[in-house]
Structures are given as C-alpha cells and as structure tokens.
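The residues making up each chain are set out below.
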Amino acid sequence: MGVVKGLINALTRPELFFGLAVVALVLVIWKREWVASNTVGYALLGGLAVFFILGTFDFNFRQIVTKPDNVPIVGLIFLLAFFVWYSIREAVLNDRRIAAGHGPIEKAESDRVWVWPDLVYTELISLILCSVVLIVWSIFLKAPLEQPANPANTPNPSKAPWYFLGLQEMLVYFDPWLAGVVLPGLIIVGLICIPYVDKNPKGNGYFTFAERKAEITIFLFGFVVLWCSLIVLGTFLRGPNWNFFGPFEFWDIHKLAALTNVNLSEYVWVRALGTGLPSNWFIREIFGILLVLFYVFALPVILAKGMLKAYYAKLGAPRYYVAVGLFLMMLSLPVKMLARWLFNLKYIVAIGEYFFNI
Amino acid sequence: MREMHRWGAHAMVITVWLHMFRVFMTGSYKPPREFNWSVGVIMLVLTLLLSFTGYLLPWDQLAIWAITVGSGMARATPFLGHEGPGASLLRLGDVPLIHAYDDARFALLGGSFVGEGALLRFYVLHCVGLPLVIGVLMAVHFWRVRKDGGISGPL
C-alpha cells in the first residue's frame, strides 16, 4: 500500500500531473473509437470511484478530500470525466452515422415537445430533483464557518476561491499582471471571439468530432487540461507555502523546496557570454524582448506562410491573426511551464524597474 | 439554509461550466446563435463575480483571505495598479498618479486592504448590482434561445 501511495504521490507532481493530463487527452482523441464503448465509460467512472473510496482510508487524503468546500470539486472531477466521455461517445456515434450517409442522431430524433404540458412538466420534475439533492447535501454536510476575519492572522496556504485556483496556479509561472489580469481578460475575450473566428459551418447543433477536429482538440486542451486540471491541482495538491504535496502526503508546513530559478538575461550575459549583467535594463533584457516580440508578432506571420497556410487562406487575415494570436497566448502557459521545468527559467523579460516581468 | 446557499453557489459555477462545455461540444455557438454565446460568456463572468463577492460576506478567515488573494491581482493591472507594469510612468514630475490609495485594487475594495469598505461594496454588488445585470441578461439569453431555434439542437 505504501508503495502505491508513494507512486501516486510521485505521479501527481505538477510536471507529471500536467504531462499525464496531456497524454490522457491525446489518448482519448486518438483512441476515440475505443473510448466510445460503454465498458470504457463504466470502467472510467468505476475506477475513479474506487480510487476515491480507497483513498479516504488514508488520513491525509481524507483530510483534504472531505473538506466541505472541496467536496464540489470531487463532484466536478466525476461530472467532467463523465461528460467528456459522453460527448466523445456521442461524437463517435454521430460520425459513424454521417459516414454511413445518415444525418446526426439529433436530427433524426427531434426532441421538440410542447411547452405545455411537456416542457413545464419536465422542468418541474428537474426543479424538485435539484431541490432534493441540495437539501440532502445540506443536511449531511455543514457549511464551514471559520474564525472571524482577522487581518493580522494570515492562514497558510491562503487560497483564492476554488474556481480561480487555475489562475493562482498560473502565478507560479507568470507575474500577477499576466496571470491575474491580462490572461484572464484574454480568456474572456477569446471565448467571445470563438464563434466569429470559427468559419466552419459544419457541426452546428450536434455532437461530432470528424467535422471539427481542430476546434474540439483545442477546446478540450484549454478547458479540461489547462483550466480544470489546474484547479484540481491547486485545490488538492497545493499546501502550505504553495508547495506541492501528493494526495497521500502530510501537509508539512516546514517542507522545503529548492527554488533556483534563473532569468533569461542571466543565462545569456553571465553564463553564456561570461560578462556581468549590463546596467542598462534595455540592453540587459534585449534578448528576452526580441524573443517575446518574435513569439507575439513574427510567429503568426511565419505560421501563415508555412504550417497554417491552409487556415490563413480559409479564414482571411483578420480572423487568422485574432485566432492564432489568442491560441499562442493560450499556449504561452504550457511553454512557460516547460521552460520552468526544463531550464529553471524564471523570467524571459525581467524589468523589475517597471514591474514588467514576463 | 446557509448550507443550501453555499453548496448551491458551488453547484451553480460547476453547472455553468458544464453548460458551456455542452454548448461548445455540440457546436451550438455557431451562427445564428453566436450572439447568445457572447451573452453567455458575459453571464459566466457575472456568475464568477457573484460567487466571488458572496465569498467575502461570511466575514470569516476563509472569506477575508480568499478575497485578499483574489483582489491582490488588481494591484498588478498594467498602468492602473500601483505594482503593475507602466504605472510608475504615469506621474507628474515627482508626484505619482497611481499609488496604493487610488489604483484599480482601491476601486475594487474601497480601501487599500480588505476592510469595512470592501465588505459594504461587495454586499451591495452581491445583493443588488450584479443580480440586476444578470437578471436582465438571463431574460435576453432565454429569449434568444427561443428565437435562434432552441437549445443546442440542429437547425
């Protein structure tokens, strides 16, 4: 048992956790014909349930998972696993129908009903069911109320509300002005932009994968891997001092993590060129600034001429640059994560003089 | 009662995400429903803001520190936060225009820390301001669902 727990603790380290999430996404999409079977769905939910039930026998696991405010996130894990599986399954079934010349199942089985009495009746039943679930949940689980607010006593760890923990996790890799202001703003703008940059007229109103491969892959990566899995990581696996703790690990407040993160400027000027850091910030950071300018402005143009030529032709310049610009912003998070894990890179551009760090 | 409010709030956020997931996976954001998708994204943000403002109101240790962490981001707003990039460029001679007592976080909290001003502000937002806005948008959302050919079905 100890060995298994140790293995799971090791596998959930942020690098591996994120890597495994990406591998899982690739597998789900690549092997979707296999994932679509009922057996896999039951096995997935059953496996998750067994993991959580067996896990609660462990004191540390129980402490963090049964914390009343964390229970909804356990629910989120199950619901998300189910709905990802379900939508992949429906998409695969529909793709088979479309390939065979029938339309999507949603078109064949219209679920149009009369508002009265059918829809109102369904809504009433749903209303009652939701109320019952909420009442039972509230009877068995008390909402916690902690000590009165005390500005002089900071708890460790101090966490944001759980739905912002993905953003708080980004603070490990980015400065607050990016992780807390610019990137969340871009998420909202990006979501609103989706229907206006997605020119694919197919797959409107029914599950499908074959007709919208790129869109669905990018969305699953952004929503499930980047947003939801980082929330799970931030809720269950981040403890005192925002250190990482495995699910079966005791939250030791004295745990030390070696942090030897180095700026790009130091890599270039001190380690590669052997001179000291130049005193002028512009010269000091010129390589980082060029790198960022290349990523933001030159890369979309290069991609338009090369890899994404077909997309550029299909979307036209304005749509293409908005879509690819937003996509590259989304990718900047995994890029920065990899740079941190592989090279201990702290900042690409570090102009502390103006609080401008990337 | 307090429990139902708390768990209901958590469930609301999760439900809204799953709804967005379904709408994306069925491609129901595509024209003619693109306007309703935009309304939905704004309502998603309002849902998070409602939950965020409500988080402070129990006024316990969890509340005050979660809001301290969450609102602390605003101080790093470019140009408008006193620790944001570019803020130190906004000055008249020796007088900085953006400092801890007039920046974006101050506007959010009604103070330079989470105190009585923030409690009052969040209370009014949570109970009056945001519900009014989201109520109007909900009406628009349901109206467009009906006008644009039903919910997440083929046209």
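A.B. asks: Is there a simple way to think about the overall build of chain A in this case?
C.D. replies: When you go through chain A residue by residue, the secondary structure sums to 16 helices and two strands. When its C-alpha atoms are laid out on the principal axes, chain A stretches across 75 × 60 × 40 Å. Here chain A holds 358 residues, and the buried ones make up 26% of them. Considering only intrachain contacts with a sequence separation of at least 6, the fraction spanning at least 24 residues in chain A is 67%.

A.B. asks: I keep staring at the interface of chain B and chain A and nothing clicks. Help me out?
C.D. replies: How big an interface is tends to be reported as the loss of accessible area on association of its parts. At the interface, 55 residues of chain B touch 58 residues of chain A. Of all elements in the fold, only α1 (2-25), α2 (34-56) and α3 (61-72) of chain B reach the threshold of two or more residues within the side of chain B that touches chain A. With 14 residues, the single largest contributor to the side of chain B that touches chain A is α1 of chain B. Its residues assigned to classes, the side of chain B that touches chain A comprises 32 nonpolar, 16 polar and seven charged.

A.B. asks: Sorry, what's going on with the domain arrangement of chain A here?
C.D. replies: All names here are of chain A. Looking at chain A, the domain boundaries give domain 1 (2-104 + 203-242), domain 2 (110-142) and domain 3 (264-357). The distance between the C-alpha centroids of domain 1 and domain 3 comes to 31 Å. Each partner contributes residues to the interface: domain 1 has five residues there, and domain 3 has five residues. Elements supplying a minimum of two residues to the side of domain 1 that touches domain 3: α2 (14-30) and α11 (213-236). Along the lines of polarity and charge, the residues of the side of domain 1 that touches domain 3 split into three nonpolar, one polar and one charged.

A.B. asks: What am I meant to see in the nonpolar core here?
C.D. replies: Across soluble globular proteins, nonpolar side chains have a tendency to be buried as a group. In this structure, I231 of chain A together with L56, A63, A66, I67 and A118 of chain B are the most contacted members of the largest nonpolar core, which totals 55 residues. For this core, the two domains that each supply at least three residues are domain 1 (2-104 + 203-242) and domain 3 (264-357) of chain A. The contact partners of A118 of chain B, leaving out residues within four places of it in the chain, are L56, I67, L109, G110 and G111 of chain B. Counting 20 residues, the second largest nonpolar core, distinct from the first, contains I187 and F209 of chain A together with M25 and W37 of chain B.

A.B. asks: It is not clear to me how helix α10 (residues 176-197) of chain A should be interpreted in this structure. Could you clarify?
C.D. replies: Since one α-helical turn is 3.6 residues long, residues separated by three or four positions face the same way. Residue V182 of chain A marks the point of greatest curvature in α10 of chain A, where the axis turns by about 30°; the proline P184 of chain A follows within four residues. Of the surrounding elements, those touching the buried residues of α10 of chain A are α9 (165-170) and α16 (317-343) of chain A together with α2 of chain B.

A.B. asks: I'm lost on the packing of helix α8 (residues 115-140) of chain A against α1 of chain B in this one. Help?
C.D. replies: At a minimum axis distance of 9 Å, the contact between α8 of chain A and α1 of chain B shows a crossing angle of 115°. Crossing angle aside, the handedness with which α8 of chain A passes α1 of chain B is right-handed. Contacts from L134, I135, W137 and S138 of chain A in α8 of chain A reach E3, M4, W7 and G8 of chain B in α1 of chain B. Looking at the contact of α8 of chain A with α1 of chain B residue by residue, the classes come out as five nonpolar, two polar and one charged.

Definitions and limits used
- Residues numbered from 1 in each chain as written.
- Chains lettered and ligands numbered in written order.
- Predicted model: local features only at pLDDT ≥ 70, side-chain atom pairs only at ≥ 80, totals over all residues.
- Helix = DSSP H or I, 4+ residues; strand = E, 2+ residues; numbered from the N terminus.
- Buried ≥ 20, exposed ≤ 12 C-beta atoms within 10 Å, placed from the backbone.
- Contact = placed C-beta atoms within 7 Å.
- Nonpolar A, V, L, I, M, F, W, Y, C, P; charged D, E, K, R; others polar.
- Domains from an automatic or database assignment.
- Core = buried A, V, L, I, M, F, W, Y, C linked by C-beta atoms within 7 Å.
- Bend = angle between axes of the 7 residues up to and from the residue.
- Axes fitted to C-alpha atoms, helices over the stretch in contact; angles between N-to-C directions.
- Left-handed = near helix turned anticlockwise from the far one by under 90°.

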